[in-house]
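Observations on the three-dimensional arrangement
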Amino acid sequence: MRVPLVLTGPPAVGKTTAGRALAASRRQGAYVDVDDIRHLVVAGHAAPWHGPEGIRQQLLGVRNACLLARQLGAAGFSTVVADVVTARTLAVYRELLPGCLVLRLRVSPEEARRRAATRPMHLTPAEFERLHAEDAATRLDVDMELDATDLPLRRLVEELAAMWSAR
């Protein structure tokens, strides 16, 4: 089984775009977006910042993403997982995906806002800004960090691939 790559960072840093492109560049690649898994709950959905129920659903989404990544890895797929990782969820990734590479993407606040303006957002502007502020203030014990502010997609994918291969 290939070591799964967990991409983290606040909204609009490139987790989805780069993660999908990186997975697509592999002989057998898979991409797991934890938001997609969490949004399988269609009645009673709660965002992670909506109290105990939001946290419960956040952890459920992460556990299910880990199960999926493990199954894909066991089947020979190089798997990229994308999520806004917190200290709480990082512990789950470390437990359920032993040896995973957790890589934090960063971009400047201006670049994140520019990117967010080019796509549909499922967050309010206040939630977007809060997630960026929390990310900037949070010390996560990730394996690597990469500033993607000035990296074109092709170069970003190359950098991520090199970091992942070095693992």
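Read on for a plain summary of the structure. All of these numbers come straight from a predicted model, not from anything done at the bench.

**Some words on the side chain of Gln-57**
Structurally, Gln-57 is set in helix H3 (residues 51–74). Polar side-chain contacts of Gln-57 include one of 2.7 Å to the side chain of Glu-53. Leaving out residues up to four positions away in the same chain, Gln-57 has contacts with Arg-38, Val-41, Gly-44, His-45 and Ala-46.

**Side note on the packing of aromatic side chains**
Where two aromatic rings form a pair, the distance of their centres and the angle of their planes describe that pair. The final tally for this structure, using the stated rule, is zero aromatic pairs. Positioned over the ring face of Trp-164 is Arg-2, at 4.6 Å from the centre of the ring.

**Topic: helix H1 (residues 15–24)**
Lys-15, Ala-18, Gly-19, Leu-22 and Ala-23 are the residues of H1 that are buried. The buried residues of H1 occupy an angular sector of 130 degrees when the element is viewed end-on, so they sit on one face. Of the exposed residues in H1, the ones pointing more than 90 degrees away from its buried face are Arg-20 and Ala-24. Along its buried surface, H1 packs onto strand S1 (5–8), strand S2 (29–33), strand S3 (78–82), strand S4 (101–106) and helix H7 (153–165).

**Quick word on the pairing of S4**
For a regular strand, side-chain orientation follows a simple rule: the groups alternate between the two sheet faces. Among the six residues of S4, five are classified as buried, and the element is accordingly described as predominantly covered. By the bridge criterion, four bridges tie S1 to S4 in an arrangement that is parallel. Bridge pairing in S4 places Leu-5 opposite Leu-101. Strand direction decides the pairing type here: S4 and strand S5 (residues 144–147), joined by four bridges, are parallel. Counted as the bridge partner of Leu-105 is Leu-146 from S5.

**Comments concerning helix H4 (residues 87–96)**
Restricting attention to buried positions, one finds in H4 the residues Thr-89, Leu-90, Val-92, Tyr-93 and Leu-96. Down the axis of H4, the buried side of the element spans an arc of 160 degrees, and every buried residue falls inside it. Along H4, the residues that are exposed and aim more than 90 degrees away from the buried face are Ala-87 and Glu-95. On the buried face of H4, the contacting elements are S1, helix H2 (34–38), H3, S3 and S4.

**Points about the nonpolar core**
Of all hydrophobic cores here, the largest spans 25 residues; its most connected members are Leu-5, Leu-22, Val-80, Leu-103, Leu-105 and Leu-160. When contributions to this core are tallied by element, the ones reaching two or more residues are S1, H1, S3, S4, helix H5 (109–116) and H7. Among the elements that line this core, the one with the most residues is H7, at six residues. Filtering out sequence-adjacent residues up to four positions away, Leu-22 remains in contact with Leu-5, Val-80, Val-157, Leu-160, Ala-161 and Trp-164. Grouped together as the second largest cluster of nonpolar side chains are 20 residues, Val-32, Ile-37, Val-62 and Cys-100 included.

**Overview of the sheet that holds S3**
Pairing is parallel across the open sheet formed by five strands, whose spatial order is S2-S3-S1-S4-S5. The open sheet terminates on both sides in strands that have one partner only, identified here as S2 and S5. Recorded for the sheet is a direction-independent mean angle of 25 degrees between the axes of neighbouring strands. In this fold H3 packs onto S2 and S3, with an angle of close to 165 degrees to the strand it touches most, S3.

Criteria and thresholds
Residues numbered from 1 in each chain as written. Predicted model: local features only at pLDDT ≥ 70, side-chain atom pairs only at ≥ 80, totals over all residues. Heavy atoms only, no water. Helix = DSSP H or I, 4+ residues; strand = E, 2+ residues; numbered from the N terminus. Polar contact = N/O pair within 3.5 Å; in protein donor to acceptor, adjacent residues only side chain to side chain. Contact = heavy atoms within 4.5 Å. Phe/Tyr/Trp six-rings, centres within 6.5 Å; stacked < 30°, edge-to-face > 60°. Lys NZ or Arg CZ within 6 Å of the ring centre and 35° of its normal. Buried < 20%, exposed > 50% of the residue type's maximum accessible area, 1.4 Å probe, protein only. Arc of directions from axis to C-beta. Pairing = 2+ DSSP bridges. Core = buried A, V, L, I, M, F, W, Y, C linked by side-chain atoms within 4.5 Å. Axes fitted to C-alpha atoms, helices over the stretch in contact; angles between N-to-C directions.

Remember that the coordinates give geometry; whether it matters functionally is a separate question.
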